Each structure stands twice: as C-alpha cells, then as structure tokens.
Amino acid sequence: MSEQQIKITLAQLNPTVGDVTGNAAKARAAREKAKADGADLVVLSELFIAGYPPEDLVLKPAFQSACRAAIEELARETSDGGPAVLIGTPWVEDGKLYNACALLDGGRIAALRFKANLPNYGVFDEKRLFARGPASGPVTVRGVRIGVPICEDIWLEESEEYENVVECLAETGAEILIVPNGSPYARDKADLRLSIVVARVTESGLPLVYLNEVGGQDELIFDGASFALNADLSVAAQLPAFEENITTLVWRKTPDGWRCNGPIAPQLEGDKADYAACVLGLRDYVRKTGFPGVLLGVSGGIDSALCAAIAVDALGADKVRGVMLPFRYTAQVSLDDAAKLAAALGIRYEILPIADAVNGFEKILAPVFAGMERDITEENLQARARGTLLMAISNKTGAMVVTTGNKSEMSVGYATLYGDMNGGFNPIKDIYKTEVFRLSSLRNEWKPDGALGPSGEVIPVNIIIRPPTAELRENQTDQDSLPPYEVLDAILERLVEREEPLATIIEAGFDRDVVTRVDRLLNVAEYKRRQAAPGVKVTRKNFGRDRRYPITNRFRDFGKALPEPDETLVTRTSRASAEAFEG
C-alpha cells in the first residue's frame, strides 16, 4: 500500500491593498510554482486578493465586485488539473459582507469559509466591516479534510461572544488545520503567536499551519514568519521573516496522524527584528504609494542618521537625498558628522544655509513682536524654515520627505509642528530614543538580509556618543528640557504601553515630580500627534492605530492611590437593569 501524502505550498507573499489585479497575478505565479513542485494545494493569506487590512475600502460595492471577479477568474483557471487554491477574499452573500477564504479547485469555487471571530481591539476594526460567519466544518482537498480557521478564529477561547472554531473543526473531522493570517508585527509577537498555536494544537490534537502575510501597509508591518507545528508540538516548518517566500511542504499520513519535516529558517529577534521592520515599512510605503525616492534633513544628529541608514537599506543610495540646513547655532561637529554620514551611505548630499529665510521671517514679524522677549517662538522659526525648504524640494522633485522624530519626542511634544514634523512617513515614529541609540550601534555591526545599503560602520560613532541636541540655541541639549532618556523612556513605556496609573509608577521608584510632568506633556501633546506623519508600528501600542485619545480632555491622574470600588452601592437590581439594557 502506497504512503498517503499531501503537498501544501505556503505562499507567504506581499499583497498591496486595492491592487486586485496585481494580487491576483501574485496568486497566479504562486500557483505556477506550486504546480511545478507537484503540490496539491497552494495557500495564500487572509483577504489576500483585497490586500490586508482594506479598511473602509472593502465597503465599496465596486471593490467587492472586483475582488469577486478576480476570484472567479482564478477559480476557472484551476480546471487545468493543477493544485487547488485557498485564498482570502471579501465575499458578499445574502446581503452580508464576510471576511472569507475561498477554496478554488476543478474550475470552480469548491467551498467558502467565513471568519467567525472578528477582532475589534488595537489596530483591528473588523466588527464594523464584516458580518460574523458560522463555525463550519472542514473542506476537502484530494481526500484530506482541511480545517480553515481564519486568523482570530484561533486566538480566542469560547465565550458568549466568540466561538471555539478549532474545537468545532476537530469534532467535524478535520485532519490538518490551515490558518490564513493578517497578523501585524510587534516586538515579541512571535512568542505570542507560538503560544496560541501550541494551545490550539494541544486542545485539538491536530497539526497546524500558520500562514502569515508579509509586507508593509501604511503603519502596519506584516513579518510573515509563517510556520507549522506537528500534532506532537514539534516544529514542522519555519519560513523566514520580513521577506516573501514560497515553500512546498510534504505532509505524510502516519499512524499518529499527519506529519511534516520541512525547512527551518532562522528568525530575527529583538532589535534586529525592529530594524528589519522599519526597513520593510519604509520600503513598502514608498514603493506602494509610488514615490520615486525620499529626502530628509540630515542634522548631524542620531535620529536623522538612523533614518538615513534605514532609507538607504530600504531603497538604495540612489533613491535617498540628504540635506543639511545649518543656522548660526549649528556646530561645526554637526556639519562634519553629517558629511561623514552621507559619504558612508553614498547618498546625494547638499548644504542649504537657512539664515536668509530665518532672518527674513524675523524681519517680517518684527512689528508684530515689538516689545516682546525672544523665546521658543524664534527657535521654532528655524525648524519651520527647514521644513518649508524640504517640502519645496519634495514638491519640485516628487521625492517624499522622511520625517525623523522618535517616539520619545512624539510622546512629550518635543517637536515643531510644520517644522521638523513635516514629512510623508516616519520609520522611527514608534522607536523610543534609547532604542534609537541601540539600533544605530547595531546597524554599524549588522544589516538585514536584502538591505541595499553598505556593510560596516555607516553611522559615525561620534553621532552615537554625542549628547543629543536640537541646536536651536547656544549650547542646547535635549536634557535641558527633558529628563534623561533612560528615565523618560521607562516612564513613557509604563504610561503608553501599559497604561499604568501614576501612583503605580511612583511606587516603582520614579520621582513624583518627573512622573507628573511627563504625564502632563504626554497629554498636552495629543494635538501634535494627530498631525504627525504615519510611521512604522513596532511596539504593542503605537500612536494612532493603537492609542487613540481625545485632544480635548480634562481628565488628569494626580498620582494618588486609587480608591477601592464600593460594591455595596451596586445592587442586584441595578446590575440586572444594566444587563437588560445591553441586551
């Protein structure tokens, strides 16, 4: 008796939201590769034909129709006897819009499965877009029963609101679970994914294939890093992160069920993964939006230096332009370091002094400012002159301005609206200053696979070790206005990522006055963040998609111990009334 096996091709690809034709072409090419490998099934990621996440684009009837037409055309092409295709798509049925997976085989749409558990937290907003699908049984491919839970369907346990899709599939005869995902990157996300998959494999006793999208979509980065576990929790296969990959896995039927021994690619972790995410995010934002290249202000400081390195790694030196915009407070060491950086990276570099522009603004404003002391207003004129000149070059050349503010600055408003905040995209927007230092040192020792920049030291060491300064006045340093970055970032991580009360942070050993000041700065800077360029998300909670606070907001945490709730005030009747109202 011959051994029973099934060949499944994992197409870890980079779709573009809205590019239905281009995404279909990618699916078609993946199927050709799968066909050459003798595969029975090729799997693509969640909502692949639309690109993920499509946001409100998916509500347009014309877009829904275009996605369906592409799926139907791909289905017709499977009449050639080649591999079946499992592909994510929006799908309208009985007037409801679903996040669906379509099985295409034998020239037709052989089966449809709808996502049952719709995420509505963090960066996800699917409940307002899609209808909940029913928990369904497996689909059959070449005689093998394949369970198809979609992304969130494996993340949540059964409750009143969520269905245990995996349990349903196991009970209805699934032999292998294949999970198409649109799971964005965040620091240490790989460990969380693995723990979720381990739980589902343990409870079902079934092997599981976790196929994830790769690529950048606005702020979100999808790292791929697809993998499979055998039923005994051993790793069946591991695909690389941050790059497209098509791999065919051979699954064989054993007395203990289906098993695979596929390739195991090494994975990036920690700072290396964050750096690779920043590179991929900038690369895809520029390429997918159609900019011919980028430019940025090169100040001789560490933030612009790191952004320049990321830009060259993402796009190549020929697509990056650096501009030094000195004023009388710009130190010679800044000019020297900026020139060394540009030379090391091999980018076009020019110096445009801004004295005439700043002096001209001051002359125009002199009658309005008569009798008033000089203050931060005049300092900000320097930043705004620089921003205006960078945007003028952008308008003339078509290149996008890369803005270079880090998360520490964005948190406390240490940035100038319409000045250094000008730009189309920020690769380090979600990177705290302390990590900026780490990533800069890291890049001098290592670069990710596929990076287009030179190897070796590209960021002059003096830029890394020199005290940070905005150089808007004589002998200025960042620490004149802010706590030391190691203190500031530790407080911000507790305030932003963890949402800790001030009392808890103070109890952890941080100075009360410093904590309350940082919290105040964080709150009052919300209006600036609303006007900031989008940027790569790498932490658990970035500004914009994850953390959405009202600009007009009078609540303040004064650092007092939190009062215990008084349960005696909540009667059974009031709870019942609330439940009835919610129902």
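If you're wondering where the values come from, they're calculated on a predicted model, not measured in any experiment.

Caption draft 1: Region of interest: the sheet that holds strand β9 (residues 208-212). Pairing within the open sheet is mixed, and its 6 strands lie in the order β6-β7-β8-β9-β12-β13. Single-partner strands in this sheet number two, and they are β6 (139-141) and β13 (235-238). Sheet twist, expressed as the mean angle between neighbouring strand axes with direction ignored, is 25 degrees. Bridge analysis of β6 against strand β7 (residues 144-147) gives 3 bridges, and the strand direction is antiparallel. When the bridges of β7 are listed, Val 139 appears paired with Ile 146. Contacts from helix α4 (residues 189-204) reach β8 (176-181), β9 and β12 (227-229) within the one sheet, and its direction differs from that of β12 by about 30 degrees.

Caption draft 2: Geometry of the sheet that holds strand β18 (residues 348-351). One open sheet holds the 4 strands; their spatial order is β18-β17-β16-β19, and the pairing between them is parallel. Here the strands that pair on one side only, and so sit at the sheet edges, are β18 and β19 (400-401). One ladder, built from 4 bridges, connects strand β16 (residues 294-297) with strand β17 (residues 320-324); its direction is parallel. Residue pairing for β17: Val 294 is matched across the bridge by Val 320. Relative to β18, helix α7 (residues 332-345) is tilted by about 160 degrees, and along the sheet it contacts β17 and β18.

Caption draft 3: Region of interest: the packing of helix α8 (residues 355-369) against helix α9 (residues 376-397). For the pair α8 and α9, interaxial distance at closest approach is 10 Å and the crossing angle is 140 degrees. By the angle between their axes, α8 is oblique relative to α9. At the point where α8 passes α9, the crossing takes the right-handed sense. Contact residues: α8 offers Ala 357, Val 358, Phe 361, Glu 362, Leu 365 and Phe 369, while α9 offers Thr 377, Glu 378, Leu 381, Gln 382 and Ala 385. Taken together, the residues of the contact of α8 with α9 break down into 7 nonpolar, 2 polar and 2 charged.

Caption draft 4: Main features of the confidence of the model for the protein. For the protein, per-residue confidence averages 90 on the pLDDT scale, and residues scoring 70 or more make up 93% of the total. By mean pLDDT, the top-scoring element of the protein is strand β2 (residues 41-43) (98), and the lowest-scoring one is helix α17 (residues 572-582) (49).

Caption draft 5: Fine view of the environment of Leu 208. Note that Leu 208 resides in strand β9. On the basis of relative accessible area, Leu 208 is assigned to the buried category, the value being 0%. In this structure the C-alpha to C-alpha distance between Leu 208 and Ile 178, which are 30 residues apart in sequence, comes to 5.8 Å.

Caption draft 6: Here's a closer look at the pairing of strand β1 (residues 5-12). For β1, the buried fraction is high: 6 of the 8 residues fall into the buried class. With 8 bridges joining them, β1 and strand β14 (residues 245-254) adopt antiparallel strand pairing. Paired with Ile 6 across the strands is Trp 251, a residue of β14. Bridge count for β1 against β2 is 3 bridges, and the pairing is parallel. Across the sheet, the residue bridging to Leu 10 is Val 43, located in β2. Traced from β1 through helix α1 (residues 20-36) to β2, the parallel crossover comes out right-handed.

About the cut-offs
- Residues numbered from 1 in each chain as written.
- Predicted model: local features only at pLDDT ≥ 70, side-chain atom pairs only at ≥ 80, totals over all residues.
- Heavy atoms only, no water.
- Pairing = 2+ DSSP bridges.
- Helix = DSSP H or I, 4+ residues; strand = E, 2+ residues; numbered from the N terminus.
- Axes fitted to C-alpha atoms, helices over the stretch in contact; angles between N-to-C directions.
- Contact = heavy atoms within 4.5 Å.
- Parallel < 35°, antiparallel > 145°, perpendicular 65-115°, else oblique.
- Left-handed = near helix turned anticlockwise from the far one by under 90°.
- Nonpolar A, V, L, I, M, F, W, Y, C, P; charged D, E, K, R; others polar.
- pLDDT = per-residue confidence, 0-100.
- Buried < 20%, exposed > 50% of the residue type's maximum accessible area, 1.4 Å probe, protein only.
- Right-handed = clockwise from strand over helix to strand, strands pointing away.

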